[in-house]
Amino acid sequence: MGSQSTSGWKRLNVAVVGGGIGGMSTAISLRRAGHDVTIYERNDFASEVGASVSCAANGTRWLHEWQVDVEKGDPVVLKSLINRDWKTGEPVSVYHLDDYEERWGYVYNMFHRQYMHRMLKDCALQEEGAGTPAKLMVNHACESIDIDNGVITFANGNTAQHDLIIGADGIGSVVRKVIGLTPEKRPSDSSCLHANVTTEEARKLGLVDYSLDSALEYWGGQEGKWDKIVLSPCNGGKLLSYYCFFPRTAGDYANHNWGGQDRPVEELLAPYPELDSQVRNHLAIGKEIQPWRLWVHEPYPYVVKGRIALLGDAGHPMMPHQSQGACMAIEDAAALGILFNKDYFNGDIAESLAVYEQIRLPRATKVQAAAAKAAYNINERIGFSSNTDTATYKVEDESKKLTIEEMNAYDMYRDADECLAKKRNQDYADKEKWIGGLPIGLKLSNGITIARPSA
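This one's a predicted model, so the numbers in the text were calculated from it and none came from an experiment.

Could you give an account of helix H9 (residues 325-339), with specific residues and numbers?
Its 15 residues place the ends of H9 21 Å apart at the C-alpha level, agreeing with the 21 Å of an ideal helix rising 1.5 Å per residue. Counting buried positions over the 15 residues of H9 gives 14, a clear majority of the element.

So, in structure tokens, the structure goes:
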């Protein structure tokens, strides 16, 4: 990686609006870059709801670079991705991760969302580690922002002035509205109910022990239908997190909020009379059954205005079918940490945020589109998209599918070097070796080889 001019670097007073996974990641990244960070959380405590979170190598690498204590998150290190026949449960497509760490440098972690959040919060706020510990302010719901002066007004009547403001306030982002974005969105054609099953209870009842697979497991999704079950093991395999998708016509939860009264197990089972009996028996003992609202957002034309930048679901909400939502938020945070560190930041906030948008928006938008396709075709999902010899393999456009190579071989430092060099009218020293953060000559599983376009 290169190093840009350090002349003019200055410590910034940064506000992060939203204390979820993306907000905590941003606090860590900008703390490591040498800045003072305050996290503003609208609730009376900063936590996460939900269950499992997927963190592939492109997210895990930043956790290690930031010196996060990953073991605190009690992850499951995945060994494979398994797609099973809807009725029999027999494997249809298996993507093995045996050489995953060797190829990409980092493992594929599966976290419980609350454990992951606590892990990140501890790292952001603790005294140990590089940088000044971030401050956490709860009961601070953002109400408005004076963009020119960087003044945030909160619902509790308090105000705060900051040099840089990051909107990490999720899919219902207030900061997004502040910068003039009104989402173009529609309810998904599929609905989802989530349920938790403990491995201990499944074993006691003599049910199959899926925790032994250390795998992300899928039933269905091959036939172009909306019916799909996704099993994500977390908490070291002690908890099995099930995401159960079905056509919205069979149950519409688009306007339900997570955290309400649990849904009855009969409602969970109703759409699946022909489902593999082994996994259906697991769902029959499901607890904490909650609806997950699914909305399809069209990509936003920008994510930066003045001193404000959006991050994670605030900037690019996506369907869950690539398991990349958390990784994209972590990558956003990493980009900010790079562009505002002492090797890259020259004191020009506008320049750094312009490059942030240039780096992040196209990549996140591509994942966003690929996640929508994978909703009804499991072969579009990273990993399975490499299994081109599977009998049921078919994708919409082979040349445009999302590949594991472009996700995990991507080097954000190289991308930042190239974009900043162009912005500053400088020559990019590695233009014969890298383009857009990918190594020239890299062969993707869609048959494309990364190359610089001819002049």
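On we go from here.
Give me the lowdown on the pairing of strand E5 (residues 80-84), citing residues and values where you can.
Along E5, five of the five residues are buried, which leaves the element largely enclosed by surrounding structure. In the sheet, E5 pairs with strand E6 (residues 91-96) via five bridges, with the strands oriented antiparallel. In the strand pairing of E6, Arg84 is matched with Pro91. Count of turn residues in the E5/E6 antiparallel hairpin: six residues, of which Gly89 carries a positive phi of about 80°.

Go over the nonpolar core with me, naming the residues and quoting the values.
In this structure, Leu63 and Phe340 are the most contacted members of the largest nonpolar core, which totals 114 residues. Considering every element that reaches this core, the biggest residue donor is H9, with 11 residues. Contacts of Leu63, omitting those with residues within four sequence positions, involve Cys55, Val68, Val70, Phe111, Met119, Leu120 and Ile330.

Describe in detail the sheet that holds strand E4 (residues 76-77), supporting the description with residues and values.
An order of E3-E7-E4 is seen for the three strands of this open sheet, with the pairing classed as antiparallel. Two strands bound the open sheet, and with one partner strand each, they are strand E3 (52-55) and E4. As judged from the two bridges shared by E4 and strand E7 (residues 109-112), these two strands associate in the antiparallel manner. Looking across to E7, one finds that Val77 is bridged to Asn109. Together, E3 and E7 form the strand contacts of helix H2 (residues 57-65), whose direction differs from that of E3 by roughly 90°. Sitting on the sheet, helix H4 (residues 113-125) is in contact with E3 and E7, with an inclination near 95° to E7.

Describe the sheet that holds strand E10 (residues 151-154), with residues and values.
Across the sheet, three strands lie side by side as E9-E10-E11; this open sheet has antiparallel pairing. Edge strands, defined here as strands with exactly one partner in the open sheet, are strand E9 (142-146) and strand E11 (159-161). Within the sheet, the average angular offset between the axes of one strand and its neighbour, ignoring direction, is 20°. Relative to E11, E10 runs antiparallel, the two being bridged by three bridges. Along E11, the bridge assignment pairs Val151 with Gln161.

Give me unusual backbone geometry: which residues, what numbers.
Phi at Asp74 is positive, roughly 50°, even though this residue is not glycine. Following the sequence through the fold, Asp74 ends up in the loop between H2 and E4. Using a relative accessible area of 23% as the deciding quantity, one classes Asp74 as partly exposed. We note that Asn425 has phi near 55°; this positive angle belongs to a residue other than glycine. Checked against the element boundaries, Asn425 lands in the loop between helix H12 (412-423) and strand E22 (434-435). With a relative accessible area of 75%, Asn425 lands in the exposed category.

Calculation rules
- Residues numbered from 1 in each chain as written.
- Predicted model: local features only at pLDDT ≥ 70, side-chain atom pairs only at ≥ 80, totals over all residues.
- Heavy atoms only, no water.
- Helix = DSSP H or I, 4+ residues; strand = E, 2+ residues; numbered from the N terminus.
- Expected span 1.5 Å × (residues − 1).
- Buried < 20%, exposed > 50% of the residue type's maximum accessible area, 1.4 Å probe, protein only.
- Pairing = 2+ DSSP bridges.
- Core = buried A, V, L, I, M, F, W, Y, C linked by side-chain atoms within 4.5 Å.
- Contact = heavy atoms within 4.5 Å.
- Axes fitted to C-alpha atoms, helices over the stretch in contact; angles between N-to-C directions.

Just geometry here; none of it tells us what the structure is for.
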